[in-house]
Structures are given as structure tokens and as C-alpha cells.
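# Topology and contacts: notes
The chain contents come next:
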Amino acid sequence: MVEQSFKEKVRLKLMDCAVLYYDLLVRKDYLIFSKDFKYQKYYIVSAFEDNFLHLTGVHTNLKAKKFFEKCYQKTLEDGDFEINDKSQKGSIRRKMSFLENAIQIFSSEAIVVEENFNKNRISCSFASSDKVCTIGFTKTKITKPQTILKGYQLQNEVKVDLILCRDKGETEFQTVVYNASDMTLEECMELI
């Protein structure tokens, strides 16, 4: 049996995670609410195909959307991305070890968030952590995934009270994903 190269392991992981990313983040929007938010009443997360590449740490000459399509369609080849040096390899290894957790962050009941998250040169409207990884979101009206960090990186966490979900393109949030107060959907909608 031939052992897989590091690049082959990364290629396979990218293709598996692209399917999960599409199902959980691209096809859905999430509303994150906490009674303790200070800067906004709630945050809406809406991911797109071209956000995926930045979360992986790999380099490619492909456009971000094309890279995602090749991952999602399971046609990504070794020549489609580069792993150039040992420091990049370490960063990619870390990202691959918790990329799946980051994609499923809104499915975790252990989720906490921090508004105005800053870490080194990273500045996000908010970041969310499940204690395994931390994912930061852009400083835009509708936030998008911006970065993934290993482990718990929050300094001023607040508890999430409510996570609602809708299919991409819908105007109303129809599904309660997480509800710390056992409210009805109608009660949840009154909060926001």
C-alpha cells in the first residue's frame, strides 16, 4: 500500500469539505442573536463559493470561485494548487485539521461569539468559536467567512441566545437552529 502524500491528503480533504461548505454555508443564511451584543442587534452570515479558498490556506492561480467548483465537483488536481514551503505546510495542516469544524460552527451547541474580534492583523465584525476552532466574519452588512484560527481565540465572549436559518434567497428565517431560551419561532422573530 502506497502512503498518500501531504498534498494528496489536502486535495481529498478540500473536496470533502467543499461539499459540506456548500450544503451548510452556501445554501443557507444564518442569523446570530445575543442579548449581550453591543454593536449590532444581530448578525447575518451569508457565505459564497468564493469565500472557501481563503479558509483553506492553499495558493492557486485559479479564481476563487473556479477553485471551489473544482473542489465541489471533485475534479481538483494536484496542479491546481500549491504548497510552497514548510511554514505554509504547517498552516495548511492546521486549517485542514479543523476546517470541517469551522464549516459546522452553527451546528454546535457550545458556540460563543465575540463582537469586533481582532487577532494580530485580523479584524472581524465578529468571531465564533466552538472551543475547537475560531472562525471570523467580515466587517460588512451581511457577513461572510473571513478566517479560521486553531482553537479558542476569543477574549470577550458572549453567549449566543439564538441561531436562525433560511435557505439562500429566502427573505424570512424559517428554522431555529439553536435556541437557548426555548422560545417559539414567533417569539424569536419578535426579538429581532
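Notes on the structure in this doc start here. (Residues numbered from 1 in each chain as written. Predicted model: local features only at pLDDT ≥ 70, side-chain atom pairs only at ≥ 80, totals over all residues. Heavy atoms only, no water.)

### Quick notes on the side chain of Arg-11
Along the chain, Arg-11 turns up in helix H1 (residues 6-26). Excluding residues that lie within four positions of it along the chain, Arg-11 makes contacts with Leu-76, Glu-77, Asp-78 and Phe-81. (Helix = DSSP H or I, 4+ residues; strand = E, 2+ residues; numbered from the N terminus. Contact = heavy atoms within 4.5 Å.)

### Quick look at the packing of aromatic side chains
Each aromatic ring pair is specified by the distance between its two centres and by the angle formed by the two planes. Evaluated as defined, the whole model comprises 11 aromatic pairs. For the ring pair Tyr-22 and Tyr-72, a centre distance of 4.8 Å and an interplane angle of 50° mean the geometry is tilted. Here Tyr-22 is found in helix H1, whereas its partner Tyr-72 is found in helix H3 (residues 64-72), with 50 residues between them in sequence. The structure contains a cluster of three or more aromatic residues connected by ring pairs, namely Tyr-21, Tyr-22, Phe-52, Phe-67, Phe-68 and Tyr-72. Lying across the ring of Phe-81, Lys-7 places its NZ or CZ 5.0 Å from the centre. When the ring centre of Phe-48 is taken as origin, the NZ or CZ atom of Lys-168, which lies over that ring, is 4.4 Å away. (Phe/Tyr/Trp six-rings, centres within 6.5 Å; stacked < 30°, edge-to-face > 60°. Lys NZ or Arg CZ within 6 Å of the ring centre and 35° of its normal.)

### Brief notes about the pattern of salt bridges
Following the criterion strictly, the structure yields 10 salt bridges and no others. Lys-28 is the partner of Asp-167 in a salt bridge, and the nearest nitrogen-oxygen pair spans 3.0 Å. Of this pair, Asp-167 sits in strand S8 (residues 162-167) while Lys-28 sits in strand S1 (residues 28-33), placing them 139 residues apart in sequence. With relative accessibility at 38%, the residue Asp-167 sits in the partly exposed group. Arg-166 is the partner of Asp-29 in a salt bridge, and the nearest nitrogen-oxygen pair spans 3.1 Å. Of this pair, Asp-29 sits in strand S1 while Arg-166 sits in strand S8, and the two are 137 residues apart along the sequence. Accessibility expressed as a relative area gives 4% for Asp-29, which makes it buried. A cluster of three or more residues bridged by salt bridges with shared partners is formed by Glu-8, Arg-11 and Asp-78. (Salt bridge = Lys/Arg side-chain N within 4 Å of Asp/Glu carboxyl O. Buried < 20%, exposed > 50% of the residue type's maximum accessible area, 1.4 Å probe, protein only.)

### Quick notes on the sheet that holds strand S7 (residues 158-159)
On the basis of which strands lie adjacent, the open sheet formed by 5 strands has the order S6-S5-S4-S3-S7 and antiparallel pairing. The two strands at the open ends of the sheet, each matched to only one other strand, are strand S6 (145-150) and S7. As defined by bridge partners, strand S5 (residues 133-137) adjoins S6 across 5 bridges and the pair is classed as antiparallel. Residue pairing in the sheet places Thr-134 in a bridge with Leu-149 of S6. (Pairing = 2+ DSSP bridges.)

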